[in-house]
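Next come the chains, spelled out residue by residue.
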Amino acid sequence: MQLDKKDLEKQAWEALEKSILHYKGNPVGTLAAYDVSVEALNYDQCFVRDFVSSALLFLIKDKTDIVRNFLEVTLKLQPKERQLDTCKPGRGLIPASFKVVLDQGQEYLEADFGEHAIARVTPVDSCLWWLLLLRAYIVAKKDFSLAYQPEFQEGIRLIMELCLVTRFDMYPTLLVPDGACMIDRRMGISGHPLEIQVLFYAALRAARELLICRGNEDIVEAIDHRLPLLCTHIRQHYWIDIHRLNTIYRFKSEEYGKDAVNLFNIYANSLPYDQLDKWLPKKGGYLGGNLGPSQLDSRFFSLGNLMAVISDLASVEQSQAIMTLIEERWEDLVGDMPMKISFPALENEEYRIVTGCDPKNIPWSYHNGGSWPVLMWMLVAASVKTKKIDLGKRAIEIAQARLCEDKWPEYYDGKKGRLIGKQARTYQTWTIAGFLLAKELLQNPSHLPLICF
Ligand code: GLC
């Protein structure tokens, strides 16, 4: 039975409220999933990246306390000591997730920096999302006082130091291991994946707004230096459209020195140029998934592209082209459930080698070409920002016909996204919050400054 729109929203809100996590009597976050029918695994924790969707929605609804509490408790979990020669989480990291543990009648918080996660992946995106959320809170409250507190200034500074100071890299982008973001499994995204670069760019901008300059002159100078380099690097070298593909197709390789045109020594044969030649619309384009030595990952990753539009990392023309591509390739990228996390899926030998035969990431499933409803709020935000509101509307229409009936699954499988994810949880919090948030952003574009600059 199809619910009417009001009932649907009511049910979504009820489900979201059930997922709220309390600590010492106060709401501090939301559980990844509130699904009593299956074993919780680690879904009974509050994930930083997952909470962003709920948090933005709470800010819009003026429920700001939970967001403030979240920012405060997660800040306390951030390691503050400089660690030499240990395998502990680095100073400045924000955990992937945390949970409330009861010990002898006392509640305390236990953070996970990947130690308990599958494959011990590093949650690089957490500290970047945390900064974006802090800024959203400041925008919502129109009050900088939380960010100006000394503990918050220190927290921001430590994140910046972690990202900016010592590293083994020559690029302005951020070098990370595989699985350092929403895609937290082996998926061939180590190096300089788009998702991390976009969040890094937005986090740099947020930190620039929130840091008090006095005492932080070195960091501010480093941010001012890095931002334009990062922006140009991404806009020039990650960009893929038919013109760029033509250039790459005719690239010479093995060029040395400053005059090299093919700066990263990309071999044209490494790209599926025949498929791209067919797939790329005349006007559309997108940012590729990764760039490194002799590597340009031409997969389309939604989070990175949409957040690039939202944060202005993509130029105005590029943002329009990204939305044109989504419109022209709607069947591939949105299909029957907004929206594909990555496209196309890795198949056959490539799937086996790149994912290590991951049974969860089989072709057209989960991270490997699955559809994730949480991405809908970013699609809607990007469509409002680029004045392509119809795309956002269409996406919501498609999703609302199914999500509640399917019990708010974490993800969908299949080329068109018509199968409920093989191992998807139901009542996944960011699916619910992402849907409600998408509706709010569509109805009231004045909320966009929470995430736009
Ligand atoms: C999965 C997702 C990750 C998410 C977590 C909790 O591991 O890949 O992005 O944060 O589930 O929902």
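The present account deals with the structure reproduced in this document. (Residues numbered from 1 in each chain as written. Predicted model: local features only at pLDDT ≥ 70, side-chain atom pairs only at ≥ 80, totals over all residues. Heavy atoms only, no water.)

### Regarding the overall build of the protein
Argument step 1. The helix and strand tally for the protein stands at 17 helices and 13 strands.
Argument step 2. For a compact globule of 453 residues, the expected C-alpha radius of gyration is about 22 Å, and the protein comes in at 21 Å, within 12% of that figure.
Argument step 3. Its C-alpha atoms give the protein principal-axis dimensions of about 65 × 60 × 40 Å.
Argument step 4. Residue burial in the protein is summarised as follows: out of 453 residues, 60% are buried.
Argument step 5. Residue pairs in contact within the protein that sit at least 24 positions apart in sequence constitute 70% of those at least 6 positions apart.
Argument step 6. For the protein, the exposed area adds up to about 19,900 Å²; of that, 52% sits on carbon and sulfur atoms.
Argument step 7. Computed over 53 positive and 58 negative side-chain charges, the inter-centroid distance for the protein is 3 Å. (Helix = DSSP H or I, 4+ residues; strand = E, 2+ residues; numbered from the N terminus. Rg over C-alpha atoms; globule rule 2.2 N^0.38 Å. Buried < 20%, exposed > 50% of the residue type's maximum accessible area, 1.4 Å probe, protein only. Contact = heavy atoms within 4.5 Å. Areas by Shrake-Rupley, 256 points an atom, 1.4 Å probe, with all protein chains shown as cover. Lys, Arg positive; Asp, Glu negative; His and termini not counted. Charge placed at Lys NZ, Arg CZ, Asp CG, Glu CD.)

### Remarks on a nonpolar patch on the surface
Argument step 1. Where nonpolar side chains cluster on the molecular surface, the patch consists of F144, Y148 and I212 and spans about 250 Å² of accessible area.
Argument step 2. On the secondary structure map, F144 appears in the loop between α4 (124-141) and α5 (145-148).
Argument step 3. Residue classification places F144 among the partly exposed positions, given a relative accessible area of 34%. (Patch = residues over 30% accessible without salt bridge, like charges linked within 9 Å, V, L, I, M, F, W, Y side chains within 5 Å. Salt bridge = Lys/Arg side-chain N within 4 Å of Asp/Glu carboxyl O.)

### Some remarks on unusual backbone geometry
Both trends apply: most residues other than glycine have a negative phi, and most peptide bonds are in trans.
Argument step 1. Here the amide bond leading from P338 into M339 is cis, since omega sits at -10 degrees, within 30 degrees of zero.
Argument step 2. Following the sequence through the fold, M339 ends up in the loop between α13 (330-333) and β11 (342-343).
Argument step 3. That bond from F343 to P344 is cis: its omega, -10 degrees, falls within 30 degrees of zero.
Argument step 4. By the element assignment, P344 lies in the loop between β11 and α14 (348-355).
Argument step 5. Here the phi dihedral of K24 falls at roughly 50 degrees; this positive angle occurs in a residue that is not glycine.
Argument step 6. Structurally, K24 is set in the loop between β1 (20-23) and β2 (26-30).
Argument step 7. Located in the positive-phi region is C357, a residue other than glycine, with phi close to 65 degrees.
Argument step 8. Relative accessible area serves as the criterion here: at 42%, C357 is assigned to the partly exposed category.

### Here we look at the site of the ligand
Argument step 1. Lining the immediate environment of the ligand, one finds A32, Y43, F47, R49, D50, M182, D184, Y366, H367, E410, Q428 and W430.
Argument step 2. Contact between the ligand and R49: an oxygen atom at 2.8 Å from a side-chain N or O atom of the residue.
Argument step 3. Between the ligand and D184 there is a distance of 2.8 Å, counted from an oxygen atom to a side-chain nitrogen or oxygen.
Argument step 4. About the coverage of the ligand: the protein hides 94% of its 310 Å² of free accessible area. (Near = heavy atom within 4 Å. Polar contact = N/O pair within 3.5 Å; in protein donor to acceptor, adjacent residues only side chain to side chain.)

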